[in-house]
Amino acid sequence: MDIVAREVTFSYDYDLPPALQEVTFSVERGELVAVIGTNGSGKSTLAKELNALLPLQEGELTVLGMDVADEQCHHQLRRNCGMVFQNPDNQFVSSVVEEDVAFGLYNYDVPEQEVEKAVRGALAAVDMTDYARRAPYTLSGGQKQRVALAGIMALGPRVVIFDEATSMLDPEGKAEVLTHLKRLRQAGVTVLMITHFAEEAAQADRVLVMKAGRLLAQGTPREVLTDRELLTEAGLLPPFAVEMYEQLKAQGIELPHCPLTEEELAEELCGLM
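Residue positions within a chain follow its written sequence, with the count starting from 1. Reporting in this predicted model follows two pLDDT cut-offs: at least 70 for local features of residues, and 80 or more for side-chain atom pairs to be given and counted; totals over whole chains, interfaces and linings ignore these cut-offs and use all residues. Hydrogens and water molecules were not included; the side-chain quantities draw on all heavy atoms of the structure.

1. Digging into the sheet that holds strand 4 (residues 58-63)
For clarity, the threshold we go by: One bridge is not enough; two strands pair if DSSP finds at least two bridges between them. Each helix corresponds to a stretch of at least 4 residues labelled H or I by DSSP, and each strand to a stretch of at least 2 residues labelled E; elements are numbered beginning at the N terminus.
Pairing within the open sheet is antiparallel, and its 4 strands lie in the order 2-1-4-5. If you trace the sheet from one side to the other, it starts and ends with strand 2 (20-27) and strand 5 (66-67), each paired once. One ladder, built from 2 bridges, connects strand 4 with strand 5; its direction is antiparallel. Residue pairing for strand 5: Thr62 is matched across the bridge by Asp67.

2. So, a nonpolar patch on the surface
We count it as follows: To count toward a patch, a residue needs a relative accessible area above 30% and no salt bridge. Like charges then connect within 9 Å, nonpolar side chains (Val, Leu, Ile, Met, Phe, Trp, Tyr) within 5 Å. Every accessible area reported is derived by Shrake-Rupley at a probe size of 1.4 Å, with residue values counting cover from the shown protein chains alone. The term salt bridge refers to a pairing of a side-chain nitrogen on Lys or Arg with a carboxyl oxygen on Asp or Glu at a separation within 4 Å. Buried residues are those whose accessible area, probed at 1.4 Å on protein chains only, stays under 20% of the maximum for their type, while exposed residues exceed 50% and partly exposed ones sit between those limits.
Together, Ile253, Leu269 and Leu272 make up a nonpolar patch on the protein surface, roughly 240 Å² of accessible area in all. Residue placement: Leu272 occurs in the segment after helix 11 (262-270). Here Leu272 falls in the partly exposed class, since its relative accessible area comes to 45%.

3. Side note on the side chain of Asp2
For clarity, the cut-off: Side-chain atoms alone can form a polar contact between residues adjacent in sequence; in general such a contact is a pair of N or O atoms within 3.5 Å, and within protein one must be able to donate a hydrogen while the other accepts it. Contacts are residue-level and defined by heavy atoms, with any inter-residue pair within 4.5 Å sufficient.
Within the secondary structure, Asp2 sits in the segment before strand 1 (3-10). Side chain to side chain, Asp2 and Thr190 meet in a polar contact 2.6 Å long. Once you skip the residues sitting within four places of it in the chain, Asp2 turns out to touch Val27, Glu28, Arg29, Gly30, Thr62, Val63, Leu64, Arg158, Val159 and Thr190.

4. Observations concerning the nonpolar core
The nonpolar side chains of a soluble globular protein tend to be buried with one another. Threshold: Put simply, a nonpolar core is a bunch of buried Ala, Val, Leu, Ile, Met, Phe, Trp, Tyr and Cys residues held in one set by side-chain atoms that sit within 4.5 Å of each other.
In this structure, Val84, Val101, Leu123, Val160, Phe162, Val209 and Leu225 are the most contacted members of the largest nonpolar core, which totals 57 residues. Among the elements that make up this core, the one with the highest residue count is helix 5 (residues 141-153) (5 residues). The residues touching Val101, leaving out its near neighbours within four places in the chain, are Val119, Ala122, Leu123, Val147, Ala150, Gly151 and Ala154. Judged by nonpolar contacts, the second largest core, of 32 residues, contains Val23, Phe25, Leu46 and Val159.

5. Some words on the sheet that holds strand 7 (residues 159-163)
Paired through backbone hydrogen bonds, the strands of a sheet run either parallel or antiparallel to each other. Counted only if it meets this: Every axis corresponds to a line fitted to the C-alpha atoms, with the helix fit spanning only the stretch in contact, and the corresponding angles, defined between N-to-C directions, vary from 0 to 180 degrees.
Here 6 strands make up an open sheet; going across it, the order is 6-7-8-3-9-10 and the pairing mixed. Only two strands of the sheet have a single neighbouring strand rather than two, namely strand 6 (81-84) and strand 10 (214-219). The mean inter-strand angle of the sheet, taken between neighbouring strand axes irrespective of direction, is 20°. Pairing of strand 9 (residues 206-211) with strand 10, which is carried by 5 bridges, proceeds in the antiparallel orientation. In the sheet register, Lys211 faces strand 10, and the bridge partner there is Arg214. Contacts from helix 5 reach strand 6 and strand 7 within the one sheet, and its direction differs from that of strand 6 by about 170°. Lying on the sheet, helix 6 (residues 171-186) is in contact with strand 3 (32-36), strand 7 and strand 8 (190-195); it crosses strand 8 at an angle near 150°.

6. Observations concerning the pairing of strand 3
Of all 5 residues making up strand 3, 5 are buried, and the element is well covered by its neighbours. By the alternation rule, side chains of strand 3 split into Leu32, Ala34 and Ile36 and Val33 and Val35, which are all buried. By the bridge criterion, 5 bridges tie strand 3 to strand 8 in an arrangement that is parallel. Bridging across to strand 8, Val35 finds its partner in Ile194. Note that strand 3 and strand 9 share 4 bridges and pair parallel. What sits directly across from Val35, in strand 9, is Leu208.

In structure tokens:
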């Protein structure tokens, strides 16, 4: 297992309810897992625990076999477990794209010739080679997130966490980021996608549902995202395709299968013609 969490509990203020309460789950190597929940559900706090950006207060948590509670592991942990945040502007440290991508490598004392190769490869992997000499502020939201991802990928991580990385993007920017997210999974990288968009979670291998700091449920996207009662309890809406399926059913039009994505919905509708 790349990630193993046992009864992880965390409080920002001990006078308030914990942000995480006895959260237990595991993630297999190469798995794409979506963590969904409303604001305040604890999903972003969980992401920061995995990267040791928050201290482990209670419970047990290992990432790639490293004990997150052991501060001596943090330097290596953050190289192997990268995080792409909601606002890419907060991750940029240079006024030139290729220099920003190289920044993390220099922090790990990677030799100059290896840095150049890694930067070229990372930019090529996210289709941003032609923007190497551009200033990050001149890029679109989706392009900025791809540069932020390139900075992570240059380090050769085995786990990548996307913490609401598409929430500030337009549909085109979201599509760009999700395309590269799926490429990571195909390359064998373990991916955690923190999101409140059910449509994005539909692309995962497994979905974890958070509510008020607790892990409410977990299962396949079809098990979780078609469970109206569960989603209502979590304060979430089902994917558009599931919503349409239910509305059609209420009108007496029942599709053979409940679709999760708009593509599946189109196929089901075409099958009625």
